Amino acid sequence: MPSFDFEEQRIVKEIQRLNAKRVVLQMPQGLKPEAAKLAKLVEDAGAVAIISSDPCYGACDIALFEAESLGADLVLHFGHSKMVRDDNAHAIYIETHAKIDIESALQQALPLLIDYKTVGLTTSVQHITTLTSAKQFLETAGKAVLIGDGGQLAHAGQVIGCNYSNPKAVADQVDAFLFVGGGIFHALGIALGTGKPVIIADPYDSRAYSITDEAQKLLKHRYASIMAAKDAKTFGILIGVKPGQKHLDHALKAKAIAEKTGRTAYLMAGREITPDALMEFPQFDAYVNTACPRISLDAPGKFQKPILTVNEFMVLCGEISWNDMIRKGLFEN
Ligand code: SF4
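The model shown is predicted, which means the values in this text are computed figures rather than measured ones.

So, about the sheet that holds strand β13 (residues 264-270). Strand order in the open sheet formed by four strands is β13-β12-β14-β15, with parallel pairing between adjacent strands. In the strand order of this sheet, the two ends are held by β13 and β15 (307-309), each with one partner. The average angle at which neighbouring strand axes cross in this sheet is 30°, direction not considered. Pairing between strand β12 (residues 234-240) and β13: seven bridges, direction parallel. Counted as the bridge partner of T234 is T264 from β13. Its contacts with the sheet put helix α9 (residues 248-260) on β12, β13 and β14 (286-289), and the angle it makes with β13 is roughly 160°.

Written out as structure tokens, the structure reads:
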């Protein structure tokens, strides 16, 4: 397990600057073992610390409701970059960069990049400070390197699970992408969003591998999900109420499309969209998910009914073609 930069000095300074008296600490799964240490830091800075025990999947999920309900004057959100703007709330994002060497994973990636002259470089926020050295490494190996900046995220080259605007900004100019980071979800998103080959350089396992076959497999599954919803008559349109997941406009659009094409659709809103929660609604034949796209893409097999993204639902309803959707992205608007 790597160590992380929790920016302790900044936390103390911000608590003092804001004169915060009660602070909610929120972090994703992998950082929860550090919660007590961080709470102690907050207490030593003179505030009451309250650790959020709920799951936290992304920057979209910032604990603003919880802070209000607990009378807290500051939320410290660890592990993600700033996404939700709320001028009424004091929320500080601590990006929590990983302190881990990436060079060995980059070495492993070079043979996989041999056929590609120009490489797009991307990463998650945990490794964002390594992009400059990764670029230099690739350039020394003879590659031309582009880091996209679509202007929507905190950093050039960064991707998050629901936003691939940075790689998309340079997709036309590169032969392949290199993603620096662990896990396959982000790299899959880059492959699906750009149609380019994607190599992962995983510094946690010091290895590199291609994600192209997985992307093809995922596309086949998504096509099967659309087909499985072909005869569905009644749809639940899912709205996420977490601050950065609320897309009521998308939900209303999906409902209008459903009704225009002779289907019935009802709006549903929730914090956690889980297979167990949806099992309570046997009247729905299928769902359209306007909240976090990971719900549809990560583990569709866990849901008993098809759970489509809005773009997939538009394919089902004949509003766009499958190829249009591939060009647009499975869930991007
Ligand atoms: S909506 Fe999903 S993918 Fe996007 S930031 Fe939130 S958890 Fe991550």
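We now examine the site of the ligand. Close to the ligand lie Y57, G58, A59, C60, D61, I160, G161, C162, G244, Q245, C292 and R294, which account for all nearby residues. Within the shell around the ligand, the residues separate by chemical class into six nonpolar, four polar and two charged.

Let us look at unusual backbone geometry. Positive phi, close to 55°, is recorded for N19, a residue that is not glycine. Counting through the fold element by element, N19 comes out in the loop between α1 (8-18) and β2 (22-26). For N19, a count of 10 C-beta atoms within 10 Å corresponds to the exposed category.

Domain boundaries in the protein chain define domain 1 (3-94), domain 2 (103-210) and domain 3 (217-328). Using only C-alpha atoms to locate each centre, domain 1 and domain 2 end up separated by 29 Å. With five residues of domain 1 in contact, the opposing surface of domain 2 contributes seven residues. Across the side of domain 1 that touches domain 2, the residue classes break down as one nonpolar, three polar and one charged.

Thresholds, definitions, all that
Residues numbered from 1 in each chain as written. Predicted model: local features only at pLDDT ≥ 70, side-chain atom pairs only at ≥ 80, totals over all residues. Pairing = 2+ DSSP bridges. Helix = DSSP H or I, 4+ residues; strand = E, 2+ residues; numbered from the N terminus. Axes fitted to C-alpha atoms, helices over the stretch in contact; angles between N-to-C directions. Contact = placed C-beta atoms within 7 Å. Near = placed C-beta within 6 Å. Nonpolar A, V, L, I, M, F, W, Y, C, P; charged D, E, K, R; others polar. Buried ≥ 20, exposed ≤ 12 C-beta atoms within 10 Å, placed from the backbone. Domains from an automatic or database assignment.

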